[in-house]
Amino acid sequence: MLNEWSRQWAIAAKCTDLHTLSLSCLSGIIETNRQSPSQSPSLLPVSRSLANASTLCISDDAILSIASHCKHLKRLRLCAANPNPLSARAFDAIADAFTNLESFALEWPTGMGSRTTFTMAKEDTMRLARSVARVLETNPNLTVLSVDWHFDRIELDLVLSHAALHLSKLETLRVGGFHSLASIAPVVRNNHNLKTLILVDMMTSTFQDHEIQQFFNDVQPLAADIETQTNHSGSVLIPFPLRLENLELDGTGHILSILPFISRFNNLTRMRIRPSRLSASILFEQTDLMICEAIRNLVNLRHVEIPIFGNTPLIALAESCPLLEEVDIIDGSQVTDQALILLVKACGRLHTLHFGIAAHLSDTSIIVLARTCAERLVSITLPFRTKSITVRTLDELQRSCPNLDTLLNIPVCASGLTNGVTKESIMATIPMMTRLTKVGLCFIGSGTNGLEGMFGLFISRVEMDELKTRSGGRLKNVVVNA
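Residues numbered from 1 in each chain as written. Predicted model: local features only at pLDDT ≥ 70, side-chain atom pairs only at ≥ 80, totals over all residues. Heavy atoms only, no water.

This paragraph deals with the packing of aromatic side chains. Within this structure, the stated rule accounts for three aromatic pairs. Measuring from centroid to centroid gives 5.2 Å for Phe215 and Phe216, while their planes differ by 80 degrees, and the two rings are edge-to-face. An identical accessibility class is assigned to Phe215 and Phe216; each is buried. One aromatic cluster is present, formed by Phe215, Phe216, Phe261 and Phe265 through successive ring pairs. (Phe/Tyr/Trp six-rings, centres within 6.5 Å; stacked < 30°, edge-to-face > 60°. Buried < 20%, exposed > 50% of the residue type's maximum accessible area, 1.4 Å probe, protein only.)

Structure (structure tokens):
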């Protein structure tokens, strides 16, 4: 197996003009880009083009080969389901070979909240952490850093302390699996041009409210606090304000503690807050009130992904955020037509909307949305398993939204129901949407025939292929939920 790896990575290493390399071994894909793509919060926008990996890990030999041959590399991402074969030797090679990296990412995804067992001895992991820290030391011009690896607290703190000491040009910082917010704050403070901050898996119960408060006070103090600090020390250690544009908190279990501080980042254009599964049953009425308070100070918001429960946050968005382009309400259990209509009429740039499980939304608001957004609308995810949206919505989207690219959660029911979206109406209407590339069908049944009735609704592989054929080859993906 190692010989096979060596052969594959030797092929990759011969691409000596490589600028971007993403070794993503979750699905056995090596992702590369010879050009210099534009930077984005996704860290490394790449094309899957080079070779298939034969196992879900990255080896030292692979990294040594890359370090030896790819002298023009600017962006490097290592993402693996099993990081065991990597050692300090690989990262020492990176530190020795590259001194002008612009982007560096280490990612070991959690997978439903639990990480793969890591078998490296403690002294070896500490040695590895020191080598990763060396990479940061030798590449002071990094603008993008992502650390979501297998480190324990001491090891991650070592890496982050080196980041705070040696990096001052970061524009994007992503940290996952961390044990302390205090180790992240110095990195943020030392990077005055930071535009994107992403914290992943912020759900540990060991965090206390005062730690969260201290973190936000450290990275974005109030003006009054800075004045006090200046009078005491004679110099301002933290510039005000930090001009953060993109804040993403993924998997947080502390949403009630975090929301009061969000309004301090009044330059935000993108806000993404995804609660952890453990906090799925939080009091949404409370979060709605806090979200409203934050939104009123975030007038530059363009992209919002937050757990909205009822109407009040949508009304606040309509009143305060005229530049809004994308909205994902995640939940929306109590959102009604009136609030959505207000939003789409007030925000004249909306082009992407995702409606979670907003079962109270009906044809009334979605038809207004289609007519109002019209040519702007490119993506819409209808409420999951709703029974309040009929074929009238599908017909209006087809008539009014010629640039629609993605349409998900279309509620498909049994034939014969009044105004229901059926397989027959899907086969007739979807091919008339000339820009559509992705469709999601959500089979909801008639409510009387149970599972036996449900099975009769499912679209077969043959029917999917026929739908794509009728669409002239434009339709690439048909997603089916039930």
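On we go from here.
We now examine the side chain of Asp60. Inspection of the secondary structure assignment puts Asp60 in helix α2 (residues 60-69). Residue classification places Asp60 among the buried positions, given a relative accessible area of 8%. Among residues more than four places away in sequence, those in contact with Asp60 are Pro85, Leu86, Ser87, Arg89 and Ala90. (Helix = DSSP H or I, 4+ residues; strand = E, 2+ residues; numbered from the N terminus. Contact = heavy atoms within 4.5 Å.)

On to the pairing of strand β1 (residues 20-24). The element β1 is largely enclosed, with a buried count of five among its five residues. Across the two faces of β1 the burial is the same, with Thr20, Ser22 and Ser24 and Leu21 and Leu23 all buried. Pairing of β1 with strand β4 (residues 75-79), which is carried by five bridges, proceeds in the parallel orientation. Looking across to β4, one finds that Leu23 is bridged to Leu78. (Pairing = 2+ DSSP bridges.)

This part takes up the pairing of β4. Regular strands place their side chains on alternate faces of the sheet. In terms of burial, β4 is a largely internal element, five of the five residues being buried. The two faces of β4 match: Arg75, Arg77 and Cys79 on one face and Leu76 and Leu78 on the other face are all buried.

Treat this as a map of the structure, not an account of what it does.
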